[in-house]
Number of protein chains: 2
Amino acid sequence: MTHRHIIIENITPSVDHGRYPAKRVVGDLACIGAHIYRDGDPILQAVVKWRHKSDLIFQETPLMEIENDEWHGRFPLEQSGLYEFKVSAWTSEFVTWQEWLRRKVKTDEANVAREDVRSDLLEGAEIAQRLLQEQPAYGKQAQLNTKPEETQWIVELIAELQSPGDDLSTVIERAISPEATHFFSLIKPRRDVATSATFVIVVEPALARFSAWYEMFPRSAGLNETRGATFQEAEGRLPEIRAMGFDVLYLPPIHPIGTTNRKGRNNALVAAPSDPGSPWQIGSADGGHMAIEPALGTLEDFNHFLIVAKGLGLSVALDFAMQCSPDHPWVNEHPEWFLHRPDGTIKYAENPPKKYQDIYPINFDTNDEADLWDALCEIVLFWIGQGILIFRVDNPHTKPIRFWSWLIGKIKQTHPDVIFLAEAFTRPKRMKMLAKVGFSQSYTYFTWRNTKQELIAYLTELTQSGMEEYFRPNFFTNTPDILPLILQQGGLPAFKMRLLLAATLSPAYGIYSGYELCENEAIPGTENNAPCEEYLDSEKYRIKVRNWNRHGNIIPFITTVNKARRENPSLQVLTNLAFLATDNDQILACIKRAPSKITDQQNIVIVVVNLDPFTPQRSAVHLPFSLLGEAYINREVKVYDLLSGARYTWSEHNYVYLDPQVEPGHLFYVEAIY
Amino acid sequence: MTHRHIIIENITPSVDHGRYPAKRVVGDLACIGAHIYRDGDPILQAVVKWRHKSDLIFQETPLMEIENDEWHGRFPLEQSGLYEFKVSAWTSEFVTWQEWLRRKVKTDEANVAREDVRSDLLEGAEIAQRLLQEQPAYGKQAQLNTKPEETQWIVELIAELQSPGDDLSTVIERAISPEATHFFSLIKPRRDVATSATFVIVVEPALARFSAWYEMFPRSAGLNETRGATFQEAEGRLPEIRAMGFDVLYLPPIHPIGTTNRKGRNNALVAAPSDPGSPWQIGSADGGHMAIEPALGTLEDFNHFLIVAKGLGLSVALDFAMQCSPDHPWVNEHPEWFLHRPDGTIKYAENPPKKYQDIYPINFDTNDEADLWDALCEIVLFWIGQGILIFRVDNPHTKPIRFWSWLIGKIKQTHPDVIFLAEAFTRPKRMKMLAKVGFSQSYTYFTWRNTKQELIAYLTELTQSGMEEYFRPNFFTNTPDILPLILQQGGLPAFKMRLLLAATLSPAYGIYSGYELCENEAIPGTENNAPCEEYLDSEKYRIKVRNWNRHGNIIPFITTVNKARRENPSLQVLTNLAFLATDNDQILACIKRAPSKITDQQNIVIVVVNLDPFTPQRSAVHLPFSLLGEAYINREVKVYDLLSGARYTWSEHNYVYLDPQVEPGHLFYVEAIY
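What counts as what
Each chain carries its own residue numbering, running from 1 in the written order of its sequence. Think of it this way: whatever chain is written first is A, whatever ligand is written first is 1, and the rest follow in order. In keeping with the model being predicted, local features are shown solely for residues with a pLDDT of at least 70 and side-chain atom pairs are shown and tallied solely at 80 or more, while totals for entire chains, interfaces and linings include all residues. Values reported for side chains reflect all heavy atoms of the structure, with hydrogen atoms and water molecules removed beforehand. Helix and strand assignments follow DSSP, with helices taken as H or I runs no shorter than four residues and strands as E runs no shorter than two, numbered in order from the N terminus. When checking whether two residues touch, look at their non-hydrogen atoms; a contact exists if any pair is within 4.5 Å. Surface exposure here means Shrake-Rupley accessible area, sampled with a 1.4 Å probe, where a residue is shielded only by the protein chains that are shown. Just so you know, the count uses Lys and Arg for positive and Asp and Glu for negative, and it drops His and the chain ends. Charged side chains are reduced to one point each, which is NZ for Lys, CZ for Arg, CG for Asp and CD for Glu. The criterion is simple. A nonpolar core is a set of buried Ala, Val, Leu, Ile, Met, Phe, Trp, Tyr and Cys residues joined through side-chain atoms within 4.5 Å. A simple rule labels every residue: compare its accessible area, found with a 1.4 Å probe on the protein chains alone, to the largest value its type can have, and call it buried under 20%, exposed over 50%, or partly exposed in between. As used throughout, domain bounds are those supplied by an automatic or database domain assignment. Defined in terms of a 1.4 Å probe, buried area is the accessible area two parts forfeit on being brought together, summed over both. We define a salt bridge as a contact between a side-chain nitrogen of Lys or Arg and a carboxyl oxygen of Asp or Glu at a distance within 4 Å. We define a polar contact as two N or O atoms separated by no more than 3.5 Å, with the added condition that, inside protein, one atom must be a possible hydrogen donor and the other a possible acceptor, whereas residues neighbouring each other in sequence contribute only through side-chain atom pairs. A residue's pLDDT is the predictor's confidence in that residue, given on a scale from 0 to 100.

Peer 1: Describe the overall build of chain A, listing the residues and the values that go with them.
Peer 2: In terms of helices and strands, chain A carries 15 helices and 29 strands. Here the C-alpha coordinates of chain A stretch approximately 105 × 65 × 45 Å along the principal axes. When contacts within chain A are restricted to residue pairs at least 6 apart in sequence, long-range pairs at least 24 apart make up 75% of them. Carbon together with sulfur atoms contributes 51% to the accessible area of chain A, which is approximately 27,400 Å² in total. The positive charge centre, built from 66 side chains, and the negative charge centre, built from 85, are 2 Å apart in chain A.

Shown next, in the form of structure tokens:
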């Protein structure tokens, strides 16, 4: 905004010049930056005014100029919800005069005695007197920022400035003293006040940034492939999942599964009577999005499941998939919420050449939009009522962006702790926009970023392009729909390697169950030219029973990595990532540095990964010591490998040899810097 | 803006999200970019709507999607003044249906015969009929974009889609034909229309971007140091200045010079009776900012001077310095426009420890602001009336930014061809803001950027940080106030080197007269620790008579460089700069590439400069052939040195040897690429 004299611009954090809120988590400091300047030489003061939206009044925190008209200040974000802030700056007339006088008497001592300095002092007296008199409550000391004895002192100073006598030096010293500066910094009204627009920060629970996710079909938790497990039976898996170190348990839809056009094994058009159907075919005579699939149990069973999970420290995330089976109650109750063919029948989902005859998409262009939106919101509120605080949203990019803006805004007004993960496997700008309008986390392109160059480019975009203010990546290594080629081909070493990357490059990451067993059988023929990432005998269409202790599992490895994540604050933040130069394109190395939450000592982790799951690789890894801060003399660091337990001494140039048959990389904790 | 479905964002060119206009010159194409996308799969169409502000209606130019939701289009900027543009996008329902059908029948020929394709055709008929009927002037063909025979054809197509008979393939072929696509691309009303905010481009004369400036004190154009030359006498210098290849002749203030507190030689506090005073001490009994210093002649003499200059192709730039001598008529007429000391006297300019007793600054915080602004505007309009189209503004950063926004906006409303150069030697953000609010060009930090690293960093900021949309640098090599150390120390080789840098790195550059004679005597003692950049016997306080043919002048060199600038379009644009890697920190190399205005053949110039004026330097210069475009096979280029006339064959790696005693660098014209 262009005010009378003062310009305030480039306020950070902000997204698209303040059109969307920046994201933070509870416990963060809001580090505010602004460019503030004016024409001419007068000296400015500035504050950030801020409040949690539930507070009535704004608090003020001073901003300090760092350099080149760039000002900074910080305030604490102690609660979830929306924080508002704006920057305000004004001309400090008295401080400007002080600085003028200081420069004048400093450069030439002889000046002090000169007649025109007396004129300068008179000018100071005039300014001081005017500022005192302008105070709204002049005479009513109780209402002022300043204390009565201070005001008395200033009144005396003014008298001295008006009749300084012969000892100019003493008067000048008092006039330019810090006490005088302090007094006039507090005084109001402020001159030439300029105030920025109001910016918003959305503050979410810590889990929105730092979380390890585990996706599991509860019906596969049993011992019998012919009958799906119930929630009661699935409870037995929870301690094992928590023991691996996961924080969030994500369940595909748990609602009644339709029977009309139900898909059989491997997406077969006709299901056998025993086929359980895809959980995403939501709705049957047993109910829709607010009901539980009877084969899983009752709502009471589910509540018990949640209690057990909570007791273990596991948060449960539900799938929110806005689509219906032909048997969903809405099909009869609200036909206007679906698309119709010219012959009057309802259109099933189709994305030529793919057809989903078991699913009716929702028609968001319905004339009954208000009721539809309310019904969808009611679903979310219902599950929040059951204790769910995390929703993984299926294909949000096929629904209107303004719907998400409305829904998430509405939910967070009353439930600021709810987290939404966008399954936005779509083009970059749509993926980003969903994050801007409110999604807490998003699926990413990580599964398709394999080379060193790809990973560095993608992580650089995620951490340094401005995206980091609003987009929180969740690096899933696999999903029921995505079995990446590298896992199909690379086997166990690839599973460890990709997990190490996901879990260290991003504070939020996830696996879909079976990953710990290195399940990698894709639909046959998928290793040919047209890469297919579909699981053979996909769990979406069947019940799967697994031996979790089977030979060749990587459970201990996952457990170790998740433990390292919990113990090292530097792995809990996204933006503290710096890549290290290596001489081998198969060796990726990075350093992550953070102040520890517990002590003032910094926490530093160095990750070195062999991206080749087939062959041992060696490389130099270059560690510029500037990345370690100031606390070194001998340019040596002691590192402890959290994976192997080995200790090394590293310098600025180091040698690594990584055999994928042993470990995919090093996960170094920096123990000491010399 | 978030519309029903469609998002339009990241519109370029824009400055601070459209808050300020981007700058272009007459003859440019406005290349418009936008990110446009929506939820779901429907296909979009988009246009840019644009007009010169003096036009009543907006024209439409289609935007095409290049990739990843990034759309582009261009329209011509044929006049100076303001252009407005906005981006509009809509859902193309019929084209979406076509694409759907295309994908459906393409992937499986057997599909064509299937029953559900008949349903798809019915759907297409329904969409087409609805769109036809929605046309506002349905039945009144004259008002439509489409032709009557086209509409008839579509009506027939609809009938076929409704009753396709057995030959589905033929109907489908017609339905997905380009003719049908074309028809429905033109049809209105458009669905889900989203339109962006309106953005502005300010278009200025070509000279605003590409110009070589020459600064000259007309009073020094004579043969007698005891009497200043008149305009009549100064006319004699004009052909020589034009012959060197300069486009703009910039004159320091030409107004009556005050006598009160007039400064003497070398800024002496007391002037001798013969001292002419500083031209920046504006105003005397002979008049103020709208008068001519009598020693220079009359307004008629000045007009004659302008006619001669114009005849030679030289544009004259005047200095606009908003300050007054104590003898300026305003001091008596408008005492409220000045600052007053407590004793009632007017404050002279002072920036401790510096004092300017001969100058009263204007008080922009006066209560009489409106009258003051009008009076200043009147001055500019007066000189425009005399034929002046370029103003070099003295110290604009000490005046309110909103004053500039107002003044330049007001002047350009009626005189869009007027160019303002900001002498904004101030901190970066203030310098940039003056450009944002309207200054056509700005002085820069070029005079203090000497090392390869400094030059690359500064030019990268100027050409790639977003600044290039609104900030046009003018690289002055020297000014009456700035004799850079490198020139003081490096002598003639440094003068050639710095000129070559200024004239090739920036399309606008300038020298202050005496540069061609390599004048480099600074105030004594300036080569000590505290660097002083003041000219000894500065022309600001005296009349200087020079022998322009004196031995050691670099007039032929300047003439050659200016000729190369005029003949090579790539030297007339700022943003086409790419630096080339060299192995020697004293060798700077860059390539500039542009399409020629005359032929379709591209114009490429390679500049190699030895930054060391004392010692010969050698280096490899690496030329990635990707920078040359596609037209090469043997990876060889023939280059012609416009400075020495030598020809070389260059490959991707080349060797240069540059002796500053011979030439400071190469200025290669690329003659051919093999």
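What follows continues from the structure just given.
Peer 1: Which residues make up the nonpolar core, and what values do they have?
Peer 2: Judged by nonpolar contacts, the single largest core of 128 residues is most densely connected at A:Leu249, A:Phe302, A:Phe320, A:Phe391, A:Trp404 and A:Tyr509. Per element, the largest residue contribution to this core is eleven residues, and it comes from helix H14 (residues 485–505) of chain A. Setting aside residues up to four positions removed in sequence, A:Tyr509 forms contacts with A:Ser211, A:Ala212, A:Trp213, A:Phe246, A:Asn474, A:Phe475, A:Leu499, A:Ala502, A:Ala503, A:Ile558, A:Asn562 and A:Arg565. Listed in part, the 127 residues of the second largest apolar core include B:Leu306, B:Ala375, B:Ile379 and B:Phe391.

Peer 1: If you had to explain the domain arrangement of chain A to someone new, which residues and values would you point to?
Peer 2: Looking at the assigned domains, one finds that chain A contains domain 1 (6–203), domain 2 (207–216 + 244–258 + 279–320 + 370–569) and domain 3 (572–673). Here domain 1 of chain A and domain 3 of chain A have C-alpha centroids that lie 45 Å from each other.

Peer 1: I'd love a proper account of unusual backbone geometry, names of residues and values included.
Peer 2: With an omega of 0°, the peptide bond between A:Lys188 and A:Pro189 qualifies as cis. Inspection of the secondary structure assignment puts A:Pro189 in the loop between helix H5 (178–186) and strand S8 (191–195). For A:Asp69, which is not glycine, the phi torsion reads 70° and is therefore positive. With respect to the helices and strands, A:Asp69 occurs in the loop between strand S5 (59–67) and strand S6 (70–76). Positive phi values are uncommon outside glycine, yet B:His17 reaches one of about 55°. Within the element layout of this structure, B:His17 appears in the loop between strand S1 (6–12) and strand S2 (22–25).

Peer 1: Help me get a handle on the interface of chain B and chain A, residues and values and all.
Peer 2: Facing the 55 residues of chain B at the interface are 55 residues of chain A. With both chains or domains summed, chain B and chain A bury close to 5,200 Å², and 47% of this area falls on carbon and sulfur atoms. Where chain B meets chain A, there are 16 salt bridges. A salt bridge links B:Glu70 to A:Lys429; the shortest N-O distance between them is 2.8 Å. Applying the counting rule to chain B against chain A returns 30 residue pairs in polar contact (both at pLDDT 80 or more).

Peer 1: A description of the confidence of the model for chain A should follow, citing residues and the corresponding values.
Peer 2: Residues with a pLDDT of 70 or more make up 95% of chain A, whose mean pLDDT is 93. For this predicted complex, the interface confidence comes out at an ipTM of 0.92, alongside a pTM of 0.93.

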